[in-house]
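# Chains, contacts and geometry: an overview
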Amino acid sequence: MNSSPASFSAVLPAWSFSPRRVWVLAENTVTQLVRMKVFYFLILFAVIVLALAAAGLAWKPLEHLIAIKRWSFGAMYIFTMVYSIAATALLLPRDVEDRTLYTVLSKPVPRFEYLAGRLLGVFLVNAIALLAMFAAMALLVKLHMGAVEADFLLELKRSAGGEAVSPDEVARQLELAHRHGVTLSLFWGLWAMFLKASVVSTVTLFVSTFASSSLFTIVVAATVAFLGHFHQLAMDYWIYEANAGPVGKLIAHLLVVVFPNLSLFDVVDEVIQGTHLAAAEALRMTGSGGFYVVLFLLLAQLVFMDKEL
Amino acid sequence: MSWGRKLGLLLALVTGSGLVRVPLESRLMSDLRAQGFHPVSRGGGLTEQVSVQGAIGLLGGLRYMVAAFLELEAFRLWEPPPNWNKLSETYHLVNLLQPRNVESWETAAWHHIYNASGYYRYDEKKLPPLQRELLAREFEERGIGVLKAGIQWNPDDCGLRLKLADAYRFKFKDYCSAAEVYRAAAEIPGAPAFCYRFYGYSLAKCPGKEREAHAALMNVYREGLEGFRKGEPLIWKPTLIVELNRLERELNVPEAERIPERFDEASFRIASPLFPRESYPLYRSIWERATQRGDAEADPGLIRIIRDLEKTQAIPEEERLPAARVGK
């Protein structure tokens, strides 16, 4: 049992990578995760969004709109992070436990394809859930935009204090209001969140290839995710700060080189405030995310390729 | 492959990829910052910046949600009986977590400058009057500090500067400071044109700045004239005409360089040779009132404008201002 899957992997030539096999494994993972009732979170999300829509707090229209986006993105973030770590950490141990792993690897399926397929399945569930939540939020945002536009024009008139306001200024004010609506930048914010979750999933998968238990995997992956957010702080203040001591600089260098820079994907907060994210930067962010996914998948394969199962 | 070799390869991959990606990521981060992401204060000290970056790092992508919780808490603190100190601390945290959220800086400043100070000045009855006044002033100063900090984090935002300038102008009657802030707001690309007009109006009330104020208000005057000639609505307001007339007198501007417009307080309308027919009775009415007050001499240009209009508009003799009354 232990030697046969490894021998299958070894005899398969490197160019036998089959996207179809990866897709089948991904579909199987989606089914498995759906049966674990991960989508039940969407009901909770819907309740949060509906409660926000009906909230009777004395918010100004823009504050109300930002609150809707904040809470929706916050709920999405909690879902993606918890799901990315927990669902991925459970994949390998569960496959070992119900012996699916042996069934799969006894077929002519390279271990790399197995890992890639499982990971793709996790990404797919994440993407479906995020898109569903985004659609609900976008609908609510659209419904509130009329009130926001009216308030922006009122604010312009109030600020002008009776002074004349030109049509250009009105148009500019409306353009400012539209920045808070459903924009491409808002979608890039969602995409950045998905990228971050994908990186965290891949790191978790890598940890799970050598971890002794699911709990260990979850703790280590959560720690990496946590430290990944201090990347920029390390860069800004410890490496470039002249007063930092040698120990601080060494720790900062290690943090920067070893851990993934997850703060790179934290653009949602500004996007919620209406800041525009250019497509070029979004694509570069995608490149960074893709780089991490490929890197940690390769690392996972390195550990997993001849691991005794 | 042995575990030793595997570990070596793994470390080499992690380190090698790290060395490749760090410069690329730094460049991406700088570009994102240039677009307004990952805020860096332009005025805060290192400690403040580390606090903000630390809070952002600690909460990861959850900081906006935590900020939302804190804002709800602040909302509760505002309800009677208000806890202004706690509210002040809560908003400090909110702004620390989301320094690019202009709305929360504005709300925090509004609570400090208007609500808290008003509460201590008018509603709080348990404290002695002197202590109440001191507390009111303390919150006003804190509010000004909040707006200034918000401007440092959001140097490209016009709204925060307008709020600060409005506070100086309407609340504290500090027209010199207001003018300075309005001018800074007007210099922001895309700022509404009225920022510059408010700069002029405020500067006109700033002692010692009469010459600069006159120049600024003349710019507004010319802007209005040009717009009007292009068929746009006239942007002149009574304040503009009143302040220009006053500054011309104070600065002894030569008669020929003075503006011909006057403000008729009785009808609350501007008299201008641009509308000769409608303005003639307004000029007459202004002259009549000045004569009654006995200060018609203070505006020698007025009678010249009236006479010019009578000639150009062919005003019938019986409707003209009698020469005997003018004394010429």
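All of the points below concern the structure found in this document. In this text the structure is predicted, and so the values were computed from the model without any measurement. (Residues numbered from 1 in each chain as written. Chains lettered and ligands numbered in written order. Predicted model: local features only at pLDDT ≥ 70, side-chain atom pairs only at ≥ 80, totals over all residues. Heavy atoms only, no water.)

In this section: the overall build of chain B. Secondary structure summary: chain B contains 14 helices and two strands in total. Over its C-alpha trace chain B gives a radius of gyration of 30 Å, far above what one expects of a compact globule, namely 20 Å for 328 residues. Along the three orthogonal principal directions, the C-alpha set of chain B runs to about 115 × 55 × 30 Å. The buried share of chain B, taken over its 328 residues, is 49%. In chain B, 50% of the contacts between residues at least 6 apart in sequence involve partners at least 24 apart. Of the roughly 16,500 Å² of accessible surface on chain B, a fraction of 57% belongs to carbon and sulfur atoms. (Helix = DSSP H or I, 4+ residues; strand = E, 2+ residues; numbered from the N terminus. Rg over C-alpha atoms; globule rule 2.2 N^0.38 Å. Buried < 20%, exposed > 50% of the residue type's maximum accessible area, 1.4 Å probe, protein only. Contact = heavy atoms within 4.5 Å. Areas by Shrake-Rupley, 256 points an atom, 1.4 Å probe, with all protein chains shown as cover.)

A few words on the interface of chain A and chain B. The interface is formed by 69 residues belonging to chain A together with 63 residues belonging to chain B. Surface buried jointly by chain A and chain B totals about 5,700 Å² across both partners, of which 64% is contributed by carbon and sulfur atoms. Summed over the shared surface of chain A and chain B, the result is five salt bridges. Salt-bridge contacts for Arg284 of chain A lead to Asp31 of chain B; the nearest nitrogen and oxygen are separated by 2.6 Å. At the surface where chain A touches chain B, the tally comes to 17 residue pairs in polar contact (both at pLDDT 80 or more). Of all elements in the fold, only helix H4 (61–97), helix H6 (111–160), helix H7 (167–178), helix H8 (184–210), helix H10 (231–239), helix H11 (246–258), helix H12 (268–272) and helix H13 (279–304) of chain A reach the threshold of two or more residues within the side of chain A that touches chain B. For the side of chain A that touches chain B, the leading source of residues is H13 of chain A, giving ten residues. Residues that form the side of chain A that touches chain B fall into these classes: 40 nonpolar, 13 polar and 16 charged. (Buried area = accessible area lost by both parts, 1.4 Å probe. Salt bridge = Lys/Arg side-chain N within 4 Å of Asp/Glu carboxyl O. Polar contact = N/O pair within 3.5 Å; in protein donor to acceptor, adjacent residues only side chain to side chain. Nonpolar A, V, L, I, M, F, W, Y, C, P; charged D, E, K, R; others polar.)

Moving on: helix H8 (residues 175–186) of chain B. Residue and element names in this part refer to chain B. Over its twelve residues, H8 extends 16 Å from the first C-alpha to the last, a length consistent with the 16 Å expected when each residue adds 1.5 Å. Taken together, the buried positions of H8 are occupied by Ala178, Ala179, Val181, Tyr182 and Ala185. Check the buried side of H8 and you find it contacts helix H7 (158–171) and helix H9 (194–204). (Expected span 1.5 Å × (residues − 1).)

Glancing now at a nonpolar patch on the surface. Residues and elements named next belong to chain A. A cluster of nonpolar residues, Tyr40, Ile43 and Val47, forms a patch on the protein surface that exposes about 350 Å² of accessible area. With respect to the helices, strands and loops of the structure, Tyr40 is situated in helix H3 (residues 40–54). According to the relative accessible area criterion, Tyr40 is exposed, its value standing at 55%. (Patch = residues over 30% accessible without salt bridge, like charges linked within 9 Å, V, L, I, M, F, W, Y side chains within 5 Å.)

With that settled, the discussion passes to the layout of surface pockets. Space inside the largest pocket adds up to approximately 1,400 Å³. Taken together, 49 residues line the largest pocket, and the ones lying closest to its centre are Leu176 of chain A together with Val102, Asp156, Asp157 and Cys158 of chain B. Elements with a contribution of two residues or more to the lining of the largest pocket: H4, H6 and H7 of chain A together with helix H1 (3–34), helix H5 (102–123), helix H6 (129–153) and H7 of chain B. Partitioning the lining of the largest pocket into residue classes produces 19 nonpolar, 15 polar and 15 charged. Of the voids in this model, the second largest pocket is the one considered here, and its volume is about 920 Å³. Forming the boundary of the second largest pocket are 44 residues, of which Lys60 of chain A together with Glu106, Thr107, Trp110 and Lys163 of chain B lie nearest the centre. Elements supplying a minimum of two residues to the lining of the second largest pocket: H4 and H6 of chain A together with helix H3 (63–78), H5, H7, H9 and helix H11 (238–250) of chain B. Of the residues belonging to the lining of the second largest pocket, the class tally is 23 nonpolar, eight polar and 13 charged. (1 Å grid on protein atoms, 1.4 Å probe; cavity = no way out; pocket = protein on both sides within 12 Å on 5 of 7 lines; lining within 4 Å. Points joined across faces, edges and corners; volume = space filled by probe spheres on them.)

A few words now on the packing of H8 of chain A against H13 of chain A. Residues and elements named next belong to chain A. The interhelical angle for the contact between H8 and H13, taken along N-to-C directions, is 10 degrees, at an axis separation of 8 Å. One finds that H8 runs roughly parallel with respect to H13. Looking at the contact of H8 with H13 residue by residue, the class counts come to 20 nonpolar, five polar and no charged. (Axes fitted to C-alpha atoms, helices over the stretch in contact; angles between N-to-C directions. Parallel < 35°, antiparallel > 145°, perpendicular 65-115°, else oblique.)

One water molecule sets the probe size; rolling that probe over the atoms shows where empty space is left. Residues and elements named next belong to chain B. As enumerated under the stated definition, the model contains four cavities of 30 Å³ or more in all. The space that makes up the second largest cavity amounts to roughly 60 Å³. Asn245, Glu248, Arg249, Arg258, Arg262 and Asp299 are the residues that line the second largest cavity. No other element matches H11, which puts three residues into the lining of the second largest cavity. The residue inventory of the lining of the second largest cavity, partitioned by class, reads no nonpolar, one polar and five charged.

Right, let's get into the nonpolar core. Of all hydrophobic cores here, the largest spans 94 residues; its most connected members are Phe73, Met76, Tyr114 and Phe265 of chain A. Setting aside anything within four residues of it in sequence, one finds Tyr114 of chain A in contact with Leu25, Leu92, Asp95, Leu101, Val104, Leu105, Val109 and Phe304 of chain A. Listed in part, the 66 residues of the second largest apolar core include Ala136, Ile188, Cys195 and Trp236 of chain B. (Core = buried A, V, L, I, M, F, W, Y, C linked by side-chain atoms within 4.5 Å.)

This next bit is on the packing of aromatic side chains. Tallied over the entire structure, the rule returns 24 aromatic pairs over all chains. For the ring pair Phe79 of chain A and Tyr83 of chain A, a centre distance of 5.4 Å and an interplane angle of 5 degrees mean the geometry is stacked. Residue Phe79 of chain A and its partner Tyr83 of chain A are both found in helix H4; the two are separated by four residues, about one turn of the helix. Taken as a pair, Phe79 of chain A and Tyr83 of chain A share a single burial class, namely buried. Centre to centre, the rings of Tyr120 of chain B and Phe139 of chain B are 5.6 Å apart; their planes meet at 25 degrees, and the pair counts as stacked. Taken together, the residues span a long stretch of sequence, with Tyr120 of chain B in helix H5 and Phe139 of chain B in helix H6 at a distance of 19 residues. Comparing Tyr120 of chain B with Phe139 of chain B shows no difference in burial state: the two are buried. (Phe/Tyr/Trp six-rings, centres within 6.5 Å; stacked < 30°, edge-to-face > 60°.)

This part is about the state of the cysteines. All names here are of chain B. Counted according to the given criterion, the structure contains one disulfide over all chains. With its sulfur 2.0 Å from that of its partner, Cys176 forms a disulfide with Cys206. Between Cys176 and Cys206, the S-S torsion sits near 100 degrees, and that sign places the bridge as right-handed. Of the two residues, Cys176 is situated in helix H8 and Cys206 in the loop between H9 and helix H10 (210–229); the sequence distance between them amounts to 30 residues. The cysteine Cys158 is free of any disulfide, with Cys195 supplying the nearest cysteine sulfur at 3.8 Å. Judged by its relative accessible area of 12%, Cys158 falls in the buried class. Relative accessible area serves as the criterion here: at 0%, Cys195 is assigned to the buried category. (Disulfide = S-S within 2.5 Å.)

On to the pattern of salt bridges, then. Within this structure, the stated rule accounts for 29 salt bridges over all chains. Where Glu281 of chain A meets Arg284 of chain A, a salt bridge forms, and the shortest distance between an N and an O atom there is 3.0 Å. Of the two residues, Glu281 of chain A and Arg284 of chain A are both situated in helix H13; the distance of three residues between them amounts to about one turn of the helix. Under the relative-accessibility criterion, Glu281 of chain A is labelled buried at 8%. One network of salt bridges, in which partners are shared, links Arg121, Glu133, Arg137, Glu140 and Lys171 of chain B.

Residue and element names in this part refer to chain A. For H3, with 15 residues, the first-to-last C-alpha span of 22 Å sits near the 21 Å given by 1.5 Å per residue. The complete set of buried residues in H3 reads Phe41, Phe45, Val49 and Leu52. Axial view of H3: buried residues confined to an arc of 75 degrees, hence all on one face. Exposed side chains of H3 directed beyond 90 degrees from the buried face belong to Tyr40, Ile43, Val47, Leu50 and Ala54. The secondary structure elements touched by the buried residues of H3 are H4 and H6. (Arc of directions from axis to C-beta.)

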